[in-house]
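Summary of the model geometry
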Amino acid sequence: MFDFDTPVNRYGTFCTQWDYVADRFGSADLLPFTISDMDFNTAPCIREAIQKRTEHGVWGYSRWNHDEFKGAVTGWFERRYGCSLDNSHVVYGPSVIYIISQLVELWSEKGDGVLVHTPAYDAFYNMLATNGRECLASPLEKTGGTYEVNWAQFEAQAARPSCKILLLCSPHNPTGRVWSRDELTRMEDICSRHGVKVISDDIHMDISYRPYIPWPAIAANTDWALVSSGSKSFNIPALGGAYAIIPDSESRDAFLTRLKAAHGLSSPSILGVIGHMSAYNEGEAWLDA
Ligand SMILES: Cc1ncc(COP(=O)(O)O)c(C=O)c1O
């Protein structure tokens, strides 16, 4: 039904993966496998939606704060993961790491600790270091064919007075661990007992062979945010756009004040908004294929 076999020439498209090899690695003669994007076209429904909008030709300021965008996100979680979310809890941001970085700044002070399962996605380390937060590592232990949490060590880190946030990656990059309900519940229990808020980066949620369980399905309070995007699943990161579910209204307002007033980012990339709505409303068959 979908063509995943015809090679697409990405050279000369200003793409980070293939066009900037020499710039990134000091040698042009390398096969780059470092950026997590795909070399085939995105879903036909997204291409058509983008084409339709580009034909319009007027690129005035746009909006994300409407039920078409927020409902596309909540509809996806409901249909794919049986997880009911409130449209009013959905906020937009230009990228996943931008949103996480703002929440880290809102929920902790300089010098505070952020608990992270390691190894971790390199942007986590860079973002925490640049924001003056200490990365409190909880090394995953390789046992048999998988990676396991060392629970005593994880709790000892969570119990440190400086630890304010668990920055979870669910499913986990780079180990590929898809957390079980038991593991998530255990993390939830430890974080609740020690007053540690949770930021769950679920950008890899859609490409998983084991059942992925969103944090809201096990959360026992509102001290969390789920941050995600259709960018990985549908290969649309260059369209721009990500979102978060933030159930606590004060945290949500504080995030939106940063987005709009402090950083002047209230108008989203319309192509990112359209890309997400099309992906989440019409892209299931392509993703399954
Ligand atoms: C776990 C994780 N979070 C976030 C990102 C990047 O997301 P964004 O470009 O929207 O900041 C990646 C990209 O590889 C990732 O692996």
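Placed above this text is the structure.
Just so it is clear, the structure is predicted and the values come from calculations on it, not from any experiment. Numbering of residues starts from 1 in each chain and follows the order in which that chain's sequence is written. Reporting in this predicted model follows two pLDDT cut-offs: at least 70 for local features of residues, and 80 or more for side-chain atom pairs to be given and counted; totals over whole chains, interfaces and linings ignore these cut-offs and use all residues. Remark: hydrogens and water are excluded; side-chain values derive from all non-hydrogen atoms of the structure.

Right, let's get into unusual backbone geometry. In this chain, serine 170 is followed by proline 171 through a cis amide linkage whose omega measures -10°. Within the secondary structure, proline 171 is located in the loop between strand E6 (163–169) and helix H8 (181–193). Cis peptide bonds are those with omega within 30 degrees of zero, and the linkage from asparagine 173 to proline 174 qualifies with 15°. In this structure, phenylalanine 14 takes a positive phi of about 60° despite not being glycine. Each helix corresponds to a stretch of at least 4 residues labelled H or I by DSSP, and each strand to a stretch of at least 2 residues labelled E; elements are numbered beginning at the N terminus. Structurally, phenylalanine 14 can be placed in the segment before helix H1 (16–19). Only protein chains enter the calculation, and the probe is 1.4 Å; a residue is then buried if its accessible area is under 20% of its type maximum, exposed if over 50%, and partly exposed in between. Overall, the relative accessible area of 70% leaves phenylalanine 14 in the exposed class.

What follows concerns the packing of helix H7 (residues 151–159) against H8. At a minimum axis distance of 9 Å, the contact between H7 and H8 shows a crossing angle of 30°. Classed by the angle they form, the pair H7 and H8 counts as roughly parallel. The handedness of the crossing between H7 and H8 is right-handed. Here Trp151, Phe154, Glu155 and Ala158 of H7 lie close against H8, whose contacting residues are Glu183, Arg186, Met187, Ile190 and Arg193. Grouping the constituent residues of the contact of H7 with H8 by class yields 5 nonpolar, no polar and 4 charged. Every axis corresponds to a line fitted to the C-alpha atoms, with the helix fit spanning only the stretch in contact, and the corresponding angles, defined between N-to-C directions, vary from 0 to 180 degrees. Reported orientations rely on four angle classes, namely roughly parallel under 35 degrees, roughly antiparallel over 145, roughly perpendicular from 65 to 115, and oblique for the rest. By definition, turning the near helix anticlockwise from the far helix through less than a right angle yields a left-handed crossing, and turning it clockwise yields a right-handed one. Here a residue-residue contact requires only that any non-hydrogen atoms of the pair lie within 4.5 Å. Residues are sorted three ways: Asp, Glu, Lys and Arg are charged, Ala, Val, Leu, Ile, Met, Phe, Trp, Tyr, Cys and Pro are nonpolar, and all the rest, Gly among them, are polar.

Glancing now at the pattern of salt bridges. Salt bridges are defined by distance alone: a side-chain nitrogen of Lys or Arg within 4 Å of a carboxyl oxygen of Asp or Glu. Taken as a whole and judged by the stated rule, the model has 13 salt bridges. Between glutamate 284 and arginine 80 there is a salt bridge; the shortest N-O distance is 3.0 Å. You can see glutamate 284 sitting in helix H12 (residues 284–288) and its partner arginine 80 sitting in helix H4 (residues 67–81), a full 204 residues away along the chain. Residue glutamate 284 is classed as partly exposed on the basis of its relative accessible area of 23%. Classification of arginine 80 by relative accessible area gives partly exposed; the value is 23%. Where aspartate 223 meets lysine 197, a salt bridge forms, and the shortest distance between an N and an O atom there is 3.9 Å. Of this pair, aspartate 223 sits in the loop between strand E7 (197–201) and strand E8 (224–228) while lysine 197 sits in strand E7, and the two are 26 residues apart along the sequence. Looking at aspartate 223, the relative accessible area reads 34%, which means it is partly exposed. With relative accessibility at 25%, the residue lysine 197 sits in the partly exposed group.

With that settled, the discussion passes to the site of the ligand. Put simply, a residue is near a molecule or strand once any heavy atom of it comes within 4 Å of that molecule or strand. Around the ligand, a shell composed of Ser36, Ser95, Val96, Ile97, Tyr121, Cys169, Asn173, Asp201, Ile203, His204 and Lys232 is seen. Within the shell around the ligand, the residues separate by chemical class into 5 nonpolar, 4 polar and 2 charged.

With that settled, the discussion passes to the state of the cysteines. To count as a disulfide, a pair of cysteine sulfur atoms needs to be within 2.5 Å. By the definition in use, this model includes 0 disulfides. In this structure cysteine 135 is not part of a disulfide, and its nearest cysteine sulfur, from cysteine 163, lies 10 Å away. Classification of cysteine 135 as partly exposed rests on a relative accessible area of 25%. Here cysteine 163 is not cross-linked by a disulfide; its sulfur's nearest cysteine counterpart is in cysteine 191, at 7.1 Å.

The analysis is restricted to geometry; functional conclusions fall outside its scope.
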